[in-house]
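A structural walkthrough
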Amino acid sequence: MRLRTFSAANMSEAIRLVRDELGPDAVILSTETAGKQVKITAALDRAAILEPAPLLAVEPMDAIAGALDFHRVPELLTERLLTLAENFLLENPRQALGAALRSRFTYSPILQNRPERPIMLVGLPGAGKTATLAKLAAGARAQKWPVVAITCDLAKAGGIDQLATYAKAMGITAYQAKNAGALKRAVGAAPEGALVLIDTAGINPLKPDDMAALADLAASVKAEPVLTLAAGGDVSESAELGQLFSEIGCQRLIATRIDAARRYGALLACAEGGQLGYAEFGVSPEIANGLMFFGADALARLLMPQEMAEAPKRAQNSATTARVAHEADGERPNFGRQGEVARKKPGSEGASGSRKRPVGSKT
């Protein structure tokens, strides 16, 4: 059960916040008055959390806007993607979203072509850097590439043992480096043509000195820093993370824990904020096959599952059924000159071509 607390100036407003955020299945557990504020503690049970998003959209653009709103994609990025999707609008709204994502972002997997530079995984503590390194190593070994793993994270409890376990299981060489000098020696010892993967300690990007030290560490071996970000985080924070890590040379993003999140707006916000391209996506905790590459179409499928993408078609079928029923009752539709059903002009009251926007977006 997930507990949330809501505060408002009065009870009606507080209840509205509960319904807007948790939906009609929310259960109010307690209420209290704190000064001039009313506080409500509400909960949503596990079954309700795991239910698919409600299918409210009927028009193709409404379906796309609804999906982006569900994932909490930032308002400005939502507007940009909707504008792009309109230019590519196809019968399937998910295909239009895929075309918009292809135009807006770049996709460059690490394991597609053997990198010439060492790959240094950077990010917040607990983002999954060590496990991602092992998954990259497993993918490289599957392609029969020589691999060398290096950890600079000597402070984390069990970090060295974890990497050593992975390295032994895959039969690759592993080193530990406590400073730039040791890192240079480890990279220099790698066989020619080897994929060199470097694990780093989790860092606080709000500390400029720590970020500068990380940038110097990457520069000491001409490594490419790649941001590792767990899915499901705060959208605004993720956008700022993308920008901050891009300032130390990050150009690509590896998204982790895709399987443990339902909303992926943070991944879009991070890439947009730092102008980062997508590399691999962590879809499972399994090392052997837990990393996949998502192109624009696969990312669109992640954002718009099948039931959301087919909502406009079902609504269209329902409208056709209703029209047939009316005709069977003796009511004739109003046909225009070309023998088509007359439609109201866009912009008129009740126009079928109107596009709904997510709550709070610009019109």
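Residues numbered from 1 in each chain as written. Predicted model: local features only at pLDDT ≥ 70, side-chain atom pairs only at ≥ 80, totals over all residues. Heavy atoms only, no water.

To continue, consider the packing of helix α4 (residues 75-87) against helix α5 (residues 93-104). One way to put it is that α4 packs onto α5 with a least axis distance of 8 Å and a crossing angle of 115°. Between α4 and α5, the interaxial angle falls into the category roughly perpendicular. Along this stretch, α4 crosses α5, giving a crossing that reads as right-handed. When α4 is examined against α5, the residues Leu77, Arg80, Leu81, Leu84 and Ala85 are found in contact with a partner set consisting of Ala96, Ala100, Leu101, Ser103 and Arg104. When grouped by side-chain class, the residues that make up the contact of α4 with α5 number seven nonpolar, one polar and two charged. (Axes fitted to C-alpha atoms, helices over the stretch in contact; angles between N-to-C directions. Helix = DSSP H or I, 4+ residues; strand = E, 2+ residues; numbered from the N terminus. Parallel < 35°, antiparallel > 145°, perpendicular 65-115°, else oblique. Left-handed = near helix turned anticlockwise from the far one by under 90°. Contact = heavy atoms within 4.5 Å. Nonpolar A, V, L, I, M, F, W, Y, C, P; charged D, E, K, R; others polar.)

In this structure, Leu101, Leu183, Ile198, Phe245 and Leu268 are the most contacted members of the largest nonpolar core, which totals 66 residues. Apart from the residues lying within four places of it in its own chain, the contact partners of phenylalanine 245 are Val122, Gly123, Ile203, Pro205, Met211, Leu214, Leu227 and Cys250. If you look at the next biggest cluster of nonpolar residues, it comprises 24 residues, including Ile119, Leu121, Tyr166 and Leu291. (Core = buried A, V, L, I, M, F, W, Y, C linked by side-chain atoms within 4.5 Å. Buried < 20%, exposed > 50% of the residue type's maximum accessible area, 1.4 Å probe, protein only.)

Let us look at the pairing of strand β3 (residues 37-44). Here seven bridges tie strand β2 (residues 27-34) to β3, and the two strands are oriented antiparallel to one another. The residue bridging threonine 33 from the neighbouring strand is valine 38, located in β3. Hairpin connection, β2 to β3: the antiparallel pair is bridged by two residues, and glycine 35 has positive phi, about 65°. (Pairing = 2+ DSSP bridges.)

Another point: the pattern of salt bridges. Across all of its chains, the model carries five salt bridges by this definition. Two residues, glutamate 13 and arginine 16, come together in a salt bridge whose shortest N-O distance is 2.6 Å. Note that glutamate 13 and arginine 16 are positioned in helix α1 (residues 11-22) at a spacing of three residues, about one turn of the helix. Given the relative accessible area of 40%, arginine 16 is considered partly exposed. It is possible to trace a salt-bridge network through shared partners that takes in Arg80, Arg104 and Glu272. (Salt bridge = Lys/Arg side-chain N within 4 Å of Asp/Glu carboxyl O.)

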